[in-house]
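Letter by letter, the chains look like this.
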Amino acid sequence: MSNHNDLPLNNEDNAKNMTENTNTSSTQNHAESNNARLNDAKLNVDSTKDATLENNAIEDNALENDTAIEEFFSPNNHANMADGFKTGYVAIVGRPNVGKSTLMNHLLGQKLSITSRKPQTTRHRIHGILSNDEMQAVFVDTPGIHRNEVRAINERMNKAAVSALVDVDLVLFVVDSDQWRDDDLLTLQKLGDTNLTVVLVINKADTLKDKGSVLPLIETFSDSFDFADIVPVSALKNQNLDRLQEVIASHLPIADPIYDTEQITDRSERFLASEIIREKIMRSAGDEVPYDLTVQIDGFKDEAAHIDPKTGRPRKACTFIDATIYVERSGQKAIVIGDKGQRIKQVGMDARKDMEQLFDKKIMLTLWVKVKRGWSDDERALTSLGY
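Notes on the structure follow. (Residues numbered from 1 in each chain as written. Predicted model: local features only at pLDDT ≥ 70, side-chain atom pairs only at ≥ 80, totals over all residues. Heavy atoms only, no water.)

Let's talk about the sheet that holds strand S5 (residues 198-203)
Here is step 1 of the chain: The 6 strands are arranged S2-S3-S1-S4-S5-S6 in an open sheet whose pairing can be described as mixed. Taken across any chain shown, the strands that pair with only one partner, and hence form the sheet edges, are strand S2 (126-131) and strand S6 (229-232). Looking at each pair of strands side by side, their axes are set apart by 25° on average, direction ignored.
Here is step 2 of the chain: Summarising the sheet, S2 and strand S3 (residues 135-141) pair through 6 bridges and their orientation is antiparallel. Counterpart to Ile-126 in the pairing with S3 is Asp-141.
Here is step 3 of the chain: Helix H5 (residues 214-224) contacts strand S4 (170-176), S5 and S6 of the sheet and is inclined by roughly 150° relative to S5.
Here is step 4 of the chain: Set on the sheet, helix H6 (residues 241-251) makes contact with strand S1 (86-93), S2, S3, S4, S5 and S6; between it and S6 the angle comes to about 160°. (Pairing = 2+ DSSP bridges. Helix = DSSP H or I, 4+ residues; strand = E, 2+ residues; numbered from the N terminus. Axes fitted to C-alpha atoms, helices over the stretch in contact; angles between N-to-C directions. Contact = heavy atoms within 4.5 Å.)

Following this line, the structure appears as structure tokens:
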């Protein structure tokens, strides 16, 4: 007898077992093959889906980036912009010393154009930009129109004022509340040569003791010109300026903003610095120095915050400004400098204070005074000095 019980009983059983095992193995292999193909197909689908999602994400990111870049660089982006937003250029004209610059400064809520009690303080066209949810008004503050063109500079100032009337949408004709002068008539004659919409602004209305006395003045003005509106104001005391803004908006065309709504002027910091210095001299010297002075910016350098290599101490960001004050005579130079340099020192301190407030940064200002004879009647000198 055999002791090996694990051997096949016979050939038939052995063949049967082999067949069953083969069939089972084949079925398993077939199933595994199908599962593998399904898995491969699923991987291909998932890969395609992942690639599509990835491409969509890239496209979405690119679109978001493009939109962000466009919004960043767009000067007309204003989230609160109203339907029917209005934009236009508004020229402020009138005779000298009638309050044009004061009016623009108070409309803007920002001192931009220099002022003094002297006539013909403004020599250049200066753009001030007022933006709110309803409109953007680009004001053009002009030199006073006057008859006495005794020197080349007077002629250029008149030309600057008249040329401001080209391509503006509205004119504010500013007059005094208490008097009508020949230069007012001259300005009105210039306006009569155009087809512009003109609003009469009667300034210094607060100085009238009898408010009713302004009515005959309004009637006189109305008889002399077909004004679109007449608005009495006090620019210095901010009286009735809201009403004036409403009138301005009513006459401007519907259009997108021209400038960034955060921008207040298109003039450079160099120009504004020179004007601030000139204002301080005119205010300080009073009648001692006539209009025979101008200011030229020789250097304007921004310096970033850094560690002083000599002291090792941190230094704040600062702008260094070098300016030359030109006068026509030696006696004027002495007046501008003042006794022991006190006047020019005070001018520098006052100018630097205004610049730091306007530019919102630290200023280091150096001033020089030089004689340039006859500059105000020299065409070449006027051009070189920016007139």
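Quick look at the nonpolar core
Here is step 1 of the chain: Core analysis: the biggest nonpolar cluster contains 51 residues, and Leu-103, Phe-139, Leu-172, Leu-244, Ile-248, Ile-277 and Met-355 have the highest contact counts within it.
Here is step 2 of the chain: Residue contributions to this core peak at 6 residues, all from helix H7 (residues 269-285).
Here is step 3 of the chain: In contact with Ile-277, not counting residues within four places along its chain, are Val-295, Ile-297, Ala-323, Ile-325, Val-347, Ala-351, Met-355, Leu-365 and Leu-367.
Here is step 4 of the chain: Counting 18 residues, the second-largest nonpolar core is a separate cluster that includes Val-171, Leu-191, Leu-200 and Leu-208. (Core = buried A, V, L, I, M, F, W, Y, C linked by side-chain atoms within 4.5 Å. Buried < 20%, exposed > 50% of the residue type's maximum accessible area, 1.4 Å probe, protein only.)

Examining the sheet that holds strand S10 (residues 318-327)
Here is step 1 of the chain: As summarised here, the arrangement of the 3 strands in space is S7-S10-S11, forming an open sheet in which the pairing is mixed. Of all the strands in the sheet, just strand S7 (293-303) and strand S11 (362-371) have a single pairing partner and so form its edges. Strand-to-strand twist of the sheet, defined as the mean angle between neighbouring strand axes without regard to direction, takes the value 15°.
Here is step 2 of the chain: For S10 and S11, the ladder comprises 10 bridges, and the chain directions are parallel. Paired with Ile-321 across the strands is Leu-365, a residue of S11.
Here is step 3 of the chain: Contacting S10 and S11, helix H8 (residues 330-337) crosses the sheet at an angle of about 155° to S11.
Here is step 4 of the chain: Contacting S10 and S11, helix H9 (residues 342-359) crosses the sheet at an angle of about 140° to S11.

Brief notes about the pairing of S4
Here is step 1 of the chain: With respect to burial, S4 is a largely interior element, 7 of its 7 residues being buried.
Here is step 2 of the chain: Covered by surrounding structure in S4 are Leu-170, Leu-172, Val-174 and Asp-176 together with Val-171, Phe-173 and Val-175, the residues of both alternating faces.
Here is step 3 of the chain: Strand direction decides the pairing type here: S1 and S4, joined by 4 bridges, are parallel. In the sheet register, Ala-91 faces S4, and the bridge partner there is Val-171.
Here is step 4 of the chain: By the bridge criterion, 6 bridges tie S4 to S5 in an arrangement that is parallel. Residue pairing across strands places Asp-176 opposite Asn-203, the latter belonging to S5.

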